[in-house]
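Each chain is listed here by its residues.
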2 protein chains.
Amino acid sequence: WGSPARSRPRQQGLYFNSFVTRTNTCGELRSAHVGQEVTLYGWIQYQRQGLFLVLRDFQGLTQIIIPQDEAHAHVKKLLSNAPVESVVRVTGIVSPRPPGQENPKMPTGDIEVKAETAEVLNFCKKLPFEIKDFIKKSEALRMQYRYLDLRSSQLQYNLRLRSQIVMRMREYLCNLHGFVDVETPTLFKRTPGGAKEFLVPSREVGKFYSLPQSPQQFKQLLMVGGLDRYFQVARCYRDEGSRPDRQPEFTQIDIEMSFVDQAGIQRLIEGLLQYSWPEERGSITTPFPSMTYEEALADYGTDKPDTRFGMKIVDIGDFLRGLDIQFVQKALSYPHGSVKAICIPQGVVSDALHTCSALGSLRLESADLLEAAGLVLRDPSAFHFLWVVDFPLFLPKEENPAELESAHHPFTAPHPSDTSLLYSDPTKVRSQHYDLVLNGNEIGGGSIRIHNAEQQRFVLEKVLKEDSEVLSHLLEALEFGAPPHGGIALGLDRLISLIVDAPSIRDVIAFPKSFRGRDLMGNAPDYVTPEELEPYHIQVSWPLEEKEAKKN
Amino acid sequence: WGSPARSRPRQQGLYFNSFVTRTNTCGELRSAHVGQEVTLYGWIQYQRQGLFLVLRDFQGLTQIIIPQDEAHAHVKKLLSNAPVESVVRVTGIVSPRPPGQENPKMPTGDIEVKAETAEVLNFCKKLPFEIKDFIKKSEALRMQYRYLDLRSSQLQYNLRLRSQIVMRMREYLCNLHGFVDVETPTLFKRTPGGAKEFLVPSREVGKFYSLPQSPQQFKQLLMVGGLDRYFQVARCYRDEGSRPDRQPEFTQIDIEMSFVDQAGIQRLIEGLLQYSWPEERGSITTPFPSMTYEEALADYGTDKPDTRFGMKIVDIGDFLRGLDIQFVQKALSYPHGSVKAICIPQGVVSDALHTCSALGSLRLESADLLEAAGLVLRDPSAFHFLWVVDFPLFLPKEENPAELESAHHPFTAPHPSDTSLLYSDPTKVRSQHYDLVLNGNEIGGGSIRIHNAEQQRFVLEKVLKEDSEVLSHLLEALEFGAPPHGGIALGLDRLISLIVDAPSIRDVIAFPKSFRGRDLMGNAPDYVTPEELEPYHIQVSWPLEEKEAKKN
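Computed from a predicted structure; not experimentally measured.

Engineer: Explain the environment of A:His415 to me, please; I cannot follow it from the model alone.
Structural biologist: Residue and element names in this part refer to chain A. Mapped onto the fold, His-415 is located in the loop between β17 (404-406) and α12 (421-424). Residue His-415 is classed as buried on the basis of its relative accessible area, which comes to 15%. A C-alpha to C-alpha distance of 7.5 Å links His-415 and Asp-390, two positions 25 residues apart in sequence. Setting aside residues up to four positions removed in sequence, His-415 forms contacts with Asp-390, Arg-430, Ser-431 and Gln-432.

Right under this line is the structure:
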């Protein structure tokens, strides 16, 4: 399970021992406690020949000396026979370790506790694996025994830090800036195009709730309701089938404000992250740099550039124009034809005719290769935040480029300079959408919203050709004195995983689902009986072969 | 919408004007601001003859003087023509009100703002009702236009106070006592007997998630995982069809601790409520009184006694034994036969032979009657907390009294003095369950849990005769060094509704469902197409007549 030293982010001054009979945690005792009688509760991490054991709890490790005299024979027997990972209470006297036996690597390494009485509170049966190897075991095994994996110092650290960062965010929003924490429903109805929304059958025949992908509609309605400043640590749902490192339920820091502009939201988020940033990860400077969508694509070939390293895409068309290389000349002869390249350290130059997006991938792959070869391009302790702004408001539909769809969502307001283009040439309209990027990962996004009912109706009906009936409540709300408003949502799981440098968001979620959306510990989802489906007026459409098999 | 004076619980020192261009909120200006140029944003609450208007935001009301001179004709036109509930920006100079026109009932009643410039940010179309009457309108109308109802001072107050109380609870748990805020999944699987759990179809044919009624299993597994102290403001789900004042989704303050006993949890909750109690509701004293389940039934005829008033049930059997009243004598002749009564103030005595539970209802009905007649029995500003303890661990099943079911849930530990009875006479075992009652309402409940796998298996298989397979992960977890643990959950919606003296929990929830589980604003649940059901391998079982109708 490793040393729990990392499992103690910023925890001084807390009353960890309130309401219980322990006097101290296992990470707390120092030379100053020598002579005190203490009561500790924890798990046996290690036990040696009936002589001593190491007791572990969430806060650290303490060495316990097992008494060898006749009067304590009972204590010796108990502690020597309890298997590793059993839970025990130990009462004893804090003593200095014999000279030379101090362990400077251990926060409690100057002392040991001489057990006087002890109790085994629960035995641990033989573990299905060696603890030391557990971390190297297959992820499926770790997920099945998630409650054992949670005892590791790394997961303890990740979950505790997550809790503390969210608490600091709440302090900033609630206690400093007057935001109201409002819980919005998760049983709602389908949004237009909400193909990724889980359905929840209701007791009304044929009618379903759906689990929303975000509280978008509700937070806008709260602004219409005069709440002024809303936030929520919101549970969101997205049914994407099997996609790596996605979770069917995830958490976002969801924020909305009235009477605010794009810069206002950006300063709010910069302040929020600065305030809640964990000390042990250094400090972050604000304001964050900003880049337009167009610049991001041109220079990095992606709308979420990793700005920790250079190797920007450069246009070498002018340089090559004079050279007699046929495929280059052909490319340059097209309208908007260009030749671009990235410059890779140590003299390698790779030129390229593809799209910028391909060069963007090549840039990241090159960085991977160079780092595999020993060159450090991306400092793992560096945090490069970046705003990407001025996205297009609409994009051509992939399946039918003659039709338009929202680049983000239909409530996004057009850029103030482009409003008139909305009615003449919607493809040219930039939006008031902004993304927050951290080290090449999109960790947040938001926009100033449309607050004018006419404009919202125009976007839905004329540009997107959607049936606005399903959003009639929102359209009507905009007609009853909706204030100008905007907001943002931060992807909490991704943000925390970047802060703790975890390879997957599963490492910052207590009970994650596997990439197929399964809970491997509790075995969810699971079969239910036809009787259980009855109140919901649904039945399973079994594939024909299974149906036949059941009949026979 | 009433005066927003109540909508400002404990808000001093907050930066309500950060990140926006307003200089002040509408509740903020005082004589000290006279002479300052200010910019306010808000809704037109009232406008009179083009002379002045009252501007409202979440924090209060400010009187705006509409300029009458030629140079400001544009401003006058704008402000005079904007309908009530339109959103405007006003910039102007704070001035003292003319002598004699101060309004001492209004926090900003000493000043007014002389508008210099103004902008109508959004017009409000004609409201479907008179605002003043809105509050008296049918609840269905208020739910349909919830975003308008949210502008009322009462709902603003309720939601803001709720946010602040929860924030204080978080400070107490997280910042003072080392609890970790852990988010647990809501997509899980059916628990045994989970007849009230919503189902969520998955993409695996025939398999369903379910939305849990509480994070019970997860919080126990977190204790096995060594988290030590967990809390969560947890969204919970319960499908009860139509029941008055219940919501299909609700919120509980969910808490679990390792190495704790019943008294430890009780002291924690008392401290939590004392710490987070809003100043304007007075203070509460701790520890809360405690009563056994048996006492509660005997004295009040209910397990959630309202202890704000007396009228306890008294046994008058001995007194009546000597009298020659036949039905009384007959009742007393039964084994355990008794005659009980409650003493109602003003000399009325009602004696009774029924059960205590009927007398308990009679006691509450009598109180209603007496209060309708003008006698104040239950001080509306009094908060009487009460612990009810020593519940039975098992109860006879209603449908088959020869079988037992858990009085609360199968994870509840037996009372330490009754452990051996578990194996000999389970009906006699008291549990380590505790309920928290406030003014006759159950606002929380919890227990010390079984941490011994053998005991848990015995309860599930031998006493409850349930298939323990579906809980195999929990049983296995108990075998891997589960610490002794216990916890509690507080019903947040009910608690807040009692604190703000709201008639329904719907008044402390931003977007509640109607009592049939419908969202009347957005129209959820709703029909979906067969194509949308396809990925989930389900189809609607339409009643025969509808199916036939569709065919023809």
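Engineer: What exactly am I supposed to notice about the relation of the copies chain B and chain A here?
Structural biologist: The relation between the two chain copies is a rotation about an axis coupled with a shift along that axis. Once chain B is rotated about the relating axis by 180° and shifted along it by 0.0 Å, it coincides with chain A to within an RMSD of 0.1 Å. Here the two chains are linked by the operation of a two-fold rotation axis. Most of the interface of chain B is mirrored in chain A, where 100% of its interface residues again form contacts.

Engineer: Honestly, the sheet that holds strand β11 (residues 290-292) of chain A in this entry has me stumped. Any pointers?
Structural biologist: Residue and element names in this part refer to chain A. Spatially, β6-β9-β10-β20-β19-β18-β15-β11 is the arrangement adopted by the 8 strands of the open sheet, whose pairing is mixed. In this open sheet, the two strands that pair with only one neighbour each are β6 (180-181) and β11. The sheet contacts of helix α15 (residues 492-499) involve β9 (229-237), β10 (249-258), β18 (433-438), β19 (441-448) and β20 (485-491), and relative to β19 the element is tilted by about 140°.

Engineer: How should the sheet that holds strand β19 (residues 441-448) of chain B be read in this particular structure?
Structural biologist: Sheets are built from strands paired through backbone hydrogen bonds, the pairs being either parallel or antiparallel. Residue and element names in this part refer to chain B. Across the sheet, which stays open at both edges, the 8 strands sit in the order β6-β9-β10-β20-β19-β18-β15-β11 with mixed pairing between neighbours. Looking at strand neighbours, the two that pair on one side only are β6 (180-181) and β11 (290-292), the edges of this open sheet. Relative to strand β18 (residues 433-438), strand β15 (residues 385-389) runs antiparallel, the two being bridged by 5 bridges. Residue pairing across strands places Val-389 opposite Tyr-434, the latter belonging to β18. Sitting on the sheet, helix α8 (residues 293-300) is in contact with β11 and β15, with an inclination near 85° to β11.

Engineer: Teacher, can you tell me more about the interface of chain B and chain A here?
Structural biologist: The figure often quoted for interface size is the accessible area lost as the parts come together. Taken together, the contact between chain B and chain A spans 130 residues of the former and 130 residues of the latter. Here chain B meets chain A over a buried area of about 11700 Å², counting both sides, of which 59% is carbon and sulfur. Looking at the side of chain B facing chain A, the largest losses of area belong to B:Phe19, B:Phe259 and B:Phe480, adding up to 7% of the total buried there. Our enumeration of links across chain B and chain A arrives at 16 salt bridges. Ionic pairing is found between B:Asp526 and A:Lys189, a salt bridge with its closest N-O pair at 4.0 Å. Run the count over chain B and chain A and you get 73 residue pairs in polar contact (both at pLDDT 80 or more). Element by element, the count of residues in the side of chain B that touches chain A is highest for helix α5 (residues 153-176) of chain B, at 12 residues. Sheet topology places strand β22 (residues 538-540) of chain A next to strand β22 (residues 538-540) of chain B; 3 bridges connect them, and they run antiparallel. Its bridge partner lying in β22(B), A:Val540 is registered against B:Ile538.

Engineer: Can you walk me through the state of the cysteines in this structure?
Structural biologist: Two cysteines form a disulfide when their sulfur atoms are joined by a covalent bond. For the structure shown, the criterion picks out 0 disulfides over all chains. Free of any disulfide, B:Cys124 has its nearest neighbouring cysteine sulfur in B:Cys26, separated by 16 Å.

Engineer: Would you take a moment to explain the side chain of B:His485 for this structure?
Structural biologist: Residue and element names in this part refer to chain B. Mapped onto the elements, His-485 comes out in strand β20 (residues 485-491). Given a relative accessible area of 0%, His-485 falls into the buried group. One polar contact links His-485 to Gln-220, side chain to side chain, over a distance of 3.1 Å. Once you skip the residues sitting within four places of it in the chain, His-485 turns out to touch Gln-220, Met-223, Glu-256, Met-257, Ser-258, Phe-259, Ile-448, Arg-449, Ile-450 and His-451.

Engineer: How should the packing of aromatic side chains be read in this particular structure?
Structural biologist: Aromatic rings considered in pairs are described by the distance between their centres and by the relative angle of their planes. Inspection of every chain in the model, using the stated rule, returns 38 aromatic pairs over all chains. For the pair B:Tyr293 and B:Phe391, a centre-to-centre distance of 5.1 Å together with 40° between the ring planes defines the contact as tilted. A residue pair is termed long-range when its members are at least 10 positions apart, and B:Tyr293 in helix α8 and B:Phe391 in the loop between β15 and β16 (394-396) qualify at 98 residues. Under the relative-accessibility criterion, B:Phe391 is labelled buried at 2%. On the numbers, 6.3 Å between centres and 85° between planes, the contact of B:Trp387 with B:Tyr434 is edge-to-face. Of the two residues, B:Trp387 is situated in strand β15 and B:Tyr434 in strand β18; the sequence distance between them amounts to 47 residues. Ring pairing ties together the aromatic residues A:Trp277, A:Phe288, A:Phe383, A:Phe385, A:Trp387 and A:Tyr434, which thus form one cluster. Above the plane of the ring of B:Phe309 lies B:Arg363, whose end atom (NZ or CZ) is 4.0 Å from the centre.

Engineer: Please clarify how unusual backbone geometry should be interpreted in this entry.
Structural biologist: Excluding glycine, a negative phi dihedral is what most residues carry, and trans is how most peptide bonds are arranged. Cis geometry is adopted by the peptide bond preceding B:Pro287, which originates at B:Thr286 and carries an omega value of -5°. Here B:Pro287 lies in the loop between α7 (262-276) and β11. With an omega of -5°, the peptide bond between B:Ala524 and B:Pro525 qualifies as cis. Secondary-structure assignment places B:Pro525 in the loop between α15 (492-499) and β21 (526-527). The backbone of A:Asp501 sits at a positive phi, close to 60°, despite the residue not being glycine. Locating A:Asp501 in the fold gives a position in the loop between α15 and β21 (526-527). For A:Asp501, a relative accessible area of 54% translates into the label exposed. The phi torsion at B:Gln49 lies on the positive side, around 45°, for a residue other than glycine. The residue B:Gln49 is located in the loop between β1 (37-48) and β2 (52-57) in this model.

Engineer: Got a minute to help me understand the packing of α5(B) against α7(B) in this structure?
Structural biologist: Think of two packed helices as two axes; the pair is described by the angle between the axes and how far apart they sit. Residue and element names in this part refer to chain B. Close contact between α5 and α7 brings their axes to 8 Å; oriented N to C, the two are set at 130°. Our classification of the angle between α5 and α7 gives oblique. For the pair α5 and α7, the crossing hand works out as right-handed. Contacts from Ile-165, Arg-168, Met-169, Glu-171, Tyr-172, Leu-173 and Leu-176 in α5 reach Arg-267, Leu-268, Gly-271, Leu-272, Leu-273, Tyr-275 and Ser-276 in α7. Its residues assigned to classes, the contact of α5 with α7 shows 9 nonpolar, 2 polar and 3 charged.

Rules of the game
- Residues numbered from 1 in each chain as written.
- Chains lettered and ligands numbered in written order.
- Predicted model: local features only at pLDDT ≥ 70, side-chain atom pairs only at ≥ 80, totals over all residues.
- Heavy atoms only, no water.
- Helix = DSSP H or I, 4+ residues; strand = E, 2+ residues; numbered from the N terminus.
- Buried < 20%, exposed > 50% of the residue type's maximum accessible area, 1.4 Å probe, protein only.
- Contact = heavy atoms within 4.5 Å.
- Least-squares fit on C-alpha atoms with pLDDT ≥ 70 in both.
- Pairing = 2+ DSSP bridges.
- Axes fitted to C-alpha atoms, helices over the stretch in contact; angles between N-to-C directions.
- Buried area = accessible area lost by both parts, 1.4 Å probe.
- Salt bridge = Lys/Arg side-chain N within 4 Å of Asp/Glu carboxyl O.
- Polar contact = N/O pair within 3.5 Å; in protein donor to acceptor, adjacent residues only side chain to side chain.
- Disulfide = S-S within 2.5 Å.
- Phe/Tyr/Trp six-rings, centres within 6.5 Å; stacked < 30°, edge-to-face > 60°.
- Lys NZ or Arg CZ within 6 Å of the ring centre and 35° of its normal.
- Parallel < 35°, antiparallel > 145°, perpendicular 65-115°, else oblique.
- Left-handed = near helix turned anticlockwise from the far one by under 90°.
- Nonpolar A, V, L, I, M, F, W, Y, C, P; charged D, E, K, R; others polar.

In short, shape yes, function no, at least from these values alone.
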